[in-house]
Amino acid sequence: RGFCVPAGPPSTRQLREAEEAAPVFQYAGKAAKRKDRVFVWGFSYSGALGIPSFVKPDAGWKKPRRIQPTPYRLETEDKISSAACGYGFTLLASNTRDITKVWGMGLNKDSQLGFQRSRRDQTKGYEYVLEPSPIPLPLEKPQQTRVLQVSCGRAHSLVLTDSEGVFTMGNNSYGQCGRKVVEDEIYSGSHLIHQLKEFDSRVVQVVCGQDHSLFRTKKGSVYACGWGADGQTGLGHYNITSVPTKLHGDIAGVNIIQVSSYGDCCLAVSDEGDVFGWGNSEYLQLASVTETTQVNVPRHLPFKIGKVKEAACGGTGNAVLTEEGNVFVWGYGILGKGPNLIETAEPEMIPPSLFGWSDFSPDTRVAHVRCGLSQFAALTNRGELFVWGKNVRGCLGTGRMEDQYFPWRVTVPGEVVDVACGVDHMVSMVRSFT
Amino acid sequence: LNAAPERAPRQQVRFLPTPAPGGGGAVELVAASVPVLADHPLVRGPRFRKLKIGAGHRLDVKASGVFVLGIGHGNKLLTDLYNCHLTKVYTVGGLFGKATDDFSDTGNLVEKTTFDHITREKLERILAVIQGTNQKALLMYSNIDMKTQEAYELAVKGLIRPMGKSPPIITAIRCLQFALPEFQLEIHCLHETQQYLRKMVHEIGLELKSSAVCTQVRRTRDGVFTVDDALPRTQWNLQSIQEAIRNCQLKVEAELEKTLA
């Protein structure tokens, strides 16, 4: 009689009505913000990656992971604004006004991460810190001061604040912490964090070399302290300096806008785009001006590559970034122009097509360059990260263990904002896409 | 085709007996070039009874665009063109807000989502990442040792390409039009299928925390053949086909020489 009609295939009208009646899901609203994340990769047994389950697995099926070859997300509660990688340890700093502003993980044999009280024995400290642990800084106004930048050297670290100067901790056997060298001082488990305030103006950038420290002030002058046997303090002698002293030489009176160092050579960039260098020159880093292997006074490097925006100094190779967005490399080691270019004294340009420049995207350029001990990293304005150099224990993050002779993209699920390179690991600050 | 003027018949040299000059009954053999009887149209019949047509890279039923065919001896060129591994260019149209089971707008609906948070900037960011990862895949599947100087030089020029079997790789992707909820992309790819491009549209939608379906896939270039060389439906007649073959011959030869040399 027509009451029960068997259901045939749905007609177009039925399909359309079913579609319109379907519920609409919302995954992200109009005001959805992009999240900030931290990714780490490289050698993990020192604890420098901050993931304890890589070193001491917490579940039966997990195995200890010696090397993390690709970027791995590190969960942090606060937004990390600055990070630095040292020789087996990492510092993360946030721009907040809370009491804990700096976290450290990795080697702590020289108290480069401050004093981390051991839970088993309250009088001793941890020698390896496997998780990002807060570093207690002796601030006068802990709820008002903000940490601007951190930097790590071989066994010491520097923390730059906006109103309370620079805090230094770690090994001081060469005066790199800016305080007088104490004979036979035991650095392990030390509570001492030194504060440096006497500069001609506010310090705006701190840089750690292997065993020396550089401070750049707002007025454009550079101070240095620490080991000087290669002339890396730039003070005109080859002795150690335990108090930050102002540099002269070719940078006297010049407004320096950026300083960089990681090994025993240092580079400084002035506001007019000139490059100055001093320190170790055994690997032809400063061979364009001098034949000597150590330069202890800053010298102007007469390169005709255009106005330089940023410089990055590695262990044996250097890189600069010009205003047009081109990267120039020189020095010794894997420089990024194929296996044939091992050393050069004059800067050579890396072709922009290796960084993603093509007819399709002609406005892709490099925005920042960073150096590890024998690696280079470049960030483009599209948020892509390119690495090249020696792949020490998987620190390049490419997923392979071989050295990389020309710039290679690292796949990171997000737009890379900043990267910090260490000897055998790297840390990057990334913003998610949506 | 059979009505077109034919080739002249083959000639062969035969020794024909002719009466010798000077009379007499002696017969001499004189060489003369004579047309072969087997080539005569009345003996052989129409020249073409059937044509061998081969197809180039596949094109879906739901997709449209340039489709390369080879006729007769041109089929041999088809295999050579396949081994050249040249990129193809597609114009892909998409629609935000819906997700279907076969990634196109004619499939069964799976989910509907909001899309008002999507901006052109976010889409371009995702496209840049897709291009980046596919660039890496390009270098990896090309089976060149990364440590050699020639690998570096090819990478600088951008000539590294997988010259064998490989999964689908997108060499370049960019957004042509963006008008919510619709958008149009131009994709340059290798070794792909149209369903893979539809899946890519779906994944772009997922990455933007929404969903997308593919409304249009049109191939605008296949190796050296572009839309300008292609014949539309109205021009599927002998004259235009012959003219098109003549025009493309030079291009095809040049490309084959360059790549397979």
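Residues numbered from 1 in each chain as written. Chains lettered and ligands numbered in written order. Predicted model: local features only at pLDDT ≥ 70, side-chain atom pairs only at ≥ 80, totals over all residues. Heavy atoms only, no water.

A.B. asks: Mind showing me how you'd approach the overall build of chain A here?
C.D. replies: Looking only at helices and strands, one finds two helices and 29 strands in chain A. Over its C-alpha atoms, taken along the principal directions, chain A stretches across nearly 110 × 60 × 40 Å. Each of the 434 residues in chain A was classed as buried or not, and the buried ones make up 56%. Taking contacts inside chain A between residues at least 6 apart in sequence as the whole, the part at least 24 apart equals 52%. Carbon and sulfur atoms make up 50% of the accessible area of chain A, which amounts to about 19000 Å² in all. On chain A, the mean spot of the 46 positive side-chain charges and the mean spot of the 44 negative ones are 8 Å from each other. (Helix = DSSP H or I, 4+ residues; strand = E, 2+ residues; numbered from the N terminus. Buried < 20%, exposed > 50% of the residue type's maximum accessible area, 1.4 Å probe, protein only. Contact = heavy atoms within 4.5 Å. Areas by Shrake-Rupley, 256 points an atom, 1.4 Å probe, with all protein chains shown as cover. Lys, Arg positive; Asp, Glu negative; His and termini not counted. Charge placed at Lys NZ, Arg CZ, Asp CG, Glu CD.)

A.B. asks: What am I meant to see in the interface of chain B and chain A here?
C.D. replies: For an interface, size is often stated in terms of accessible area lost upon the parts coming together. Taken residue by residue, the interface counts 33 residues in chain B and 36 residues in chain A. Between chain B and chain A, the buried area comes to about 3500 Å², and carbon and sulfur atoms account for 62% of it. When residues of chain B are sorted by the area they lose upon contact with chain A, B:K112, B:K136 and B:Y152 head the list and together hold 20% of the total. For the side of chain B that touches chain A, the elements supplying multiple residues, two or more each, are β8 (109–113), α3 (120–141), α4 (149–157), β9 (169–179) and β10 (182–190) of chain B. (Buried area = accessible area lost by both parts, 1.4 Å probe.)

A.B. asks: Would you explain the nonpolar core in this entry?
C.D. replies: Across soluble globular proteins, nonpolar side chains show a tendency to be buried alongside one another. Counting 25 residues, the largest nonpolar core has B:L123, B:L185 and B:I187 as the members making the most contacts within it. Of all the secondary structure elements, the ones that give two or more residues to this core are β6 (88–96), α3, β9, β10, α5 (194–207) and β11 (212–222) of chain B. In this view, B:L185 contacts B:Y90, B:T91, B:V92, B:L127, B:I173, B:R174, B:C175, B:L176 and B:I204; residues no more than four positions away in its chain are not counted. Counting residues in hydrophobic clusters, the runner-up holds 24 residues, among them A:V327, A:V366, A:A378 and B:M146. (Core = buried A, V, L, I, M, F, W, Y, C linked by side-chain atoms within 4.5 Å.)

A.B. asks: Would you explain the pattern of salt bridges in this entry?
C.D. replies: Side-chain pairing between opposite charges can occur once the charged atoms of the two side chains come close. All names here are of chain A. All told, the structure shown has 27 salt bridges over all chains when counted by the stated rule. Two residues, E310 and R370, come together in a salt bridge whose shortest N-O distance is 3.7 Å. With a gap of 60 residues between them, E310 in strand β20 (residues 308–313) and R370 in strand β24 (residues 366–371) connect regions that are remote in the sequence. Residue E310 is classed as buried on the basis of its relative accessible area, which comes to 11%. As a salt-bridge pair, R393 and D424 come within 3.1 Å of each other at their nearest N and O atoms. (Salt bridge = Lys/Arg side-chain N within 4 Å of Asp/Glu carboxyl O.)

A.B. asks: What exactly am I supposed to notice about the environment of A:G88 here?
C.D. replies: Residues and elements named next belong to chain A. Inspection of the secondary structure puts G88 in the loop between β4 (80–85) and β5 (89–94). Distance in space between the C-alpha atoms of G88 and K307 is 35 Å, their sequence separation being 219 residues. If we ignore the near neighbours within four places in the chain, the residues touching G88 are S46, A48, G106, L107 and H425.

A.B. asks: When you look at the sheet that holds strand β2 (residues 36–43) of chain A in this model, what are you seeing that I'm missing?
C.D. replies: Note: strands within a sheet are paired through backbone hydrogen bonds, in either parallel or antiparallel orientation. Residue and element names in this part refer to chain A. Here we have four strands laid out as an open sheet, ordered β3-β2-β29-β28, and antiparallel in their pairing. Each of the sheet's edge strands pairs with one partner strand only, and the pair in question is β3 (67–74) and β28 (415–421). Each strand of the sheet is rotated relative to its neighbour by a mean of 20°, with strand direction disregarded. (Pairing = 2+ DSSP bridges. Axes fitted to C-alpha atoms, helices over the stretch in contact; angles between N-to-C directions.)

A.B. asks: It is not clear to me how the packing of aromatic side chains should be interpreted in this structure. Could you clarify?
C.D. replies: Residues and elements named next belong to chain A. Counted by the stated rule, this structure contains 13 aromatic pairs over all chains. Ring centres 5.9 Å apart and planes at 55° place the aromatic pair F355 and W388 in the tilted group. With F355 in the loop between β23 (343–350) and β24 and W388 in strand β26 (residues 385–389), this residue pair connects regions lying 33 residues apart in the sequence. F355 sits in the buried class, given a relative accessible area of 3%. What links up through ring pairs into an aromatic cluster is the set F355, F376, F386 and W388. (Phe/Tyr/Trp six-rings, centres within 6.5 Å; stacked < 30°, edge-to-face > 60°.)

A.B. asks: Honestly, the UniProt feature "domain: Pseudouridine synthase II N-terminal" (unreviewed entry) in chain B in this entry has me stumped. Any pointers?
C.D. replies: What UniProt calls "domain: Pseudouridine synthase II N-terminal" (unreviewed entry) maps, in this numbering, to residues 49–193 of chain B. Taken as a whole, residues 49–193 of chain B contains 29% helix and 31% strand, while its terminal C-alpha atoms sit 34 Å from one another. (UniProt positions renumbered as here; feature names shortened; annotations may be inferred.)

A.B. asks: Looking at this structure, how should I read the UniProt feature "repeat: RCC" (unreviewed entry) in chain A?
C.D. replies: Residues and elements named next belong to chain A. Mapped onto this structure's residue numbering, the UniProt feature "repeat: RCC" (unreviewed entry) falls at residues 36–96, 100–163, 164–219, 220–272, 273–324 and 383–432. Helix makes up 7% of residues 36–96 and strand 46%, with an end-to-end C-alpha separation of 14 Å. For residues 273–324, the end-to-end C-alpha separation is 12 Å, with 0% helix and 50% strand making up the annotated structure.

A.B. asks: So what exactly am I meant to see when it comes to the domain arrangement of chain B here?
C.D. replies: Entries for chain B in the domain assignment read domain 1 (1–50) and domain 2 (53–260). In this structure, domain 1 of chain B and domain 2 of chain B have C-alpha centres spaced 54 Å apart. (Domains from an automatic or database assignment.)

A.B. asks: Help me understand the sheet that holds strand β13 (residues 212–217) of chain A in this model?
C.D. replies: Residue and element names in this part refer to chain A. Pairing is antiparallel in the open sheet, where four strands are placed in the order β12-β13-β14-β15. A strand with exactly one partner marks an edge of an open sheet, and here the two such strands are β12 (203–208) and β15 (241–246). Direction aside, the axes of adjacent strands within the sheet are offset by 15° on average. Of the pairings in the sheet, the one linking β13 to strand β14 (residues 222–226) comprises five bridges and is antiparallel in character. Bridge pairing links R216 to V222 in β14.

A.B. asks: Please clarify how unusual backbone geometry should be interpreted in this entry.
C.D. replies: Across residues other than glycine, the phi torsion is negative in most instances, and most of the peptide bonds are trans. With an omega of -5°, the peptide bond running from B:L180 to B:P181 counts as cis. Within the element layout of this structure, B:P181 appears in the loop between β9 and β10. The residue A:R393 is not glycine, and still its phi comes out positive at about 50°. Secondary-structure assignment places A:R393 in the loop between β26 and β27 (404–410). In this model, B:F103 sits at a positive phi of 65°, which is unusual for a non-glycine residue. Within the fold, B:F103 resides in the loop between β7 (98–100) and β8.

A.B. asks: What is the right way to read the UniProt feature "domain: RCC1-like" (unreviewed entry) in chain A from this model?
C.D. replies: Residues annotated by UniProt as "domain: RCC1-like" (unreviewed entry) correspond here to residues 33–315 of chain A. Along residues 33–315 of chain A the backbone is 1% helical and 41% strand, and the end-to-end C-alpha distance reaches 39 Å.

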